[in-house]
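Residue-level listing of the chains:
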Amino acid sequence: MIHPGPRAPERAVARRTVLRPLRGVLPKGQSVMKAVGELYAASGCKGGVLALDGLTCDPLRFVLPALSTDGLHAAWYSDTHAPEGRVAITRATAIVGWRDGAPFLHCHGLWTPGGVMQMGHLLPFDSVLAEDAEVTGLGGPDCWFESLPDPETAFTLFTAEAAAPARRSLPASCPARIA
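What you are looking at is a predicted structure, and each value in this text was computed from that prediction instead of being measured. (Residues numbered from 1 in each chain as written. Predicted model: local features only at pLDDT ≥ 70, side-chain atom pairs only at ≥ 80, totals over all residues. Heavy atoms only, no water.)

## What to know about the packing of aromatic side chains
Alright, step 1. Inspection of the entire model under this criterion finds seven aromatic pairs.
Alright, step 2. Between the aromatic rings of Tyr-77 and Phe-155, the centroid separation amounts to 6.1 Å while the plane-to-plane angle is 75°, which identifies the pairing as edge-to-face. Linking Tyr-77 in strand β7 (residues 76-77) with Phe-155 in strand β13 (residues 155-162), this pair joins segments that are 78 residues apart in sequence.
Alright, step 3. Look at Tyr-77 and you get partly exposed, because its relative accessible area is 37%. (Phe/Tyr/Trp six-rings, centres within 6.5 Å; stacked < 30°, edge-to-face > 60°. Helix = DSSP H or I, 4+ residues; strand = E, 2+ residues; numbered from the N terminus. Buried < 20%, exposed > 50% of the residue type's maximum accessible area, 1.4 Å probe, protein only.)

Next up, the structure:
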């Protein structure tokens, strides 16, 4: 796949950090985005990774990769898939960060509407928790993912960011790095 913009001079951006375990309950009736944003805020973390295995949503909305028709992007998204009723998420991983000054997440997963396994890119603002759900993950109090314009792909993509103390120095034995 050839993207429209210039190749990025730095293929991966990494920041050292100390991650903390996160555990909490996402409450029924909230969008996945609102619930995850509140969990991270309550934990004092700006970003991280969260397993969404076992969630049940009603509605659940997702998209798939698709060909681009805009002449700018090498790929795009399908129309929104909107299965009827409650949908159980079998396995999903959310990368949690910020976009336009607010919490945001990027999530791919597997779910089983009507007993048929499907996969895609979860739309977290449009998917609503049908039941309380216990989740676990990792959070970074001083490192996070920030959605920034990417000239190579013409998309807005997550980039690793860090507060000033995390950019200075951490011990060589630092247990984590986000990229």
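## A closer look at the pairing of β13
Alright, step 1. Across eight bridges, strand β12 (residues 143-150) lies against β13 in antiparallel orientation. Residue pairing in the sheet places Trp-144 in a bridge with Glu-161 of β13.
Alright, step 2. Where β12 hands over to β13, the hairpin turn is made up of four residues, of which Ala-154 adopts a positive phi near 65°. (Pairing = 2+ DSSP bridges.)

## Section: a nonpolar patch on the surface
Alright, step 1. Side chains of Leu-110, Met-117 and Met-119 sit close together on the surface and give an oily, nonpolar patch of about 290 Å² of accessible area.
Alright, step 2. By relative accessible area, which is 30% here, Leu-110 ends up partly exposed. (Patch = residues over 30% accessible without salt bridge, like charges linked within 9 Å, V, L, I, M, F, W, Y side chains within 5 Å. Areas by Shrake-Rupley, 256 points an atom, 1.4 Å probe, with all protein chains shown as cover. Salt bridge = Lys/Arg side-chain N within 4 Å of Asp/Glu carboxyl O.)

## Considerations on the layout of surface pockets
Alright, step 1. Approximately 1,300 Å³ is the volume found for the largest pocket.
Alright, step 2. Every residue lining the largest pocket is counted, 47 residues in all, and those nearest its centre are Thr-153, Phe-155, Thr-156, Leu-157 and Phe-158.
Alright, step 3. Elements with a contribution of two residues or more to the lining of the largest pocket: β7, β8 (87-99), β9 (102-111), β10 (118-122), β12 and β13.
Alright, step 4. With six residues, the single largest contributor to the lining of the largest pocket is β13. (1 Å grid on protein atoms, 1.4 Å probe; cavity = no way out; pocket = protein on both sides within 12 Å on 5 of 7 lines; lining within 4 Å. Points joined across faces, edges and corners; volume = space filled by probe spheres on them.)

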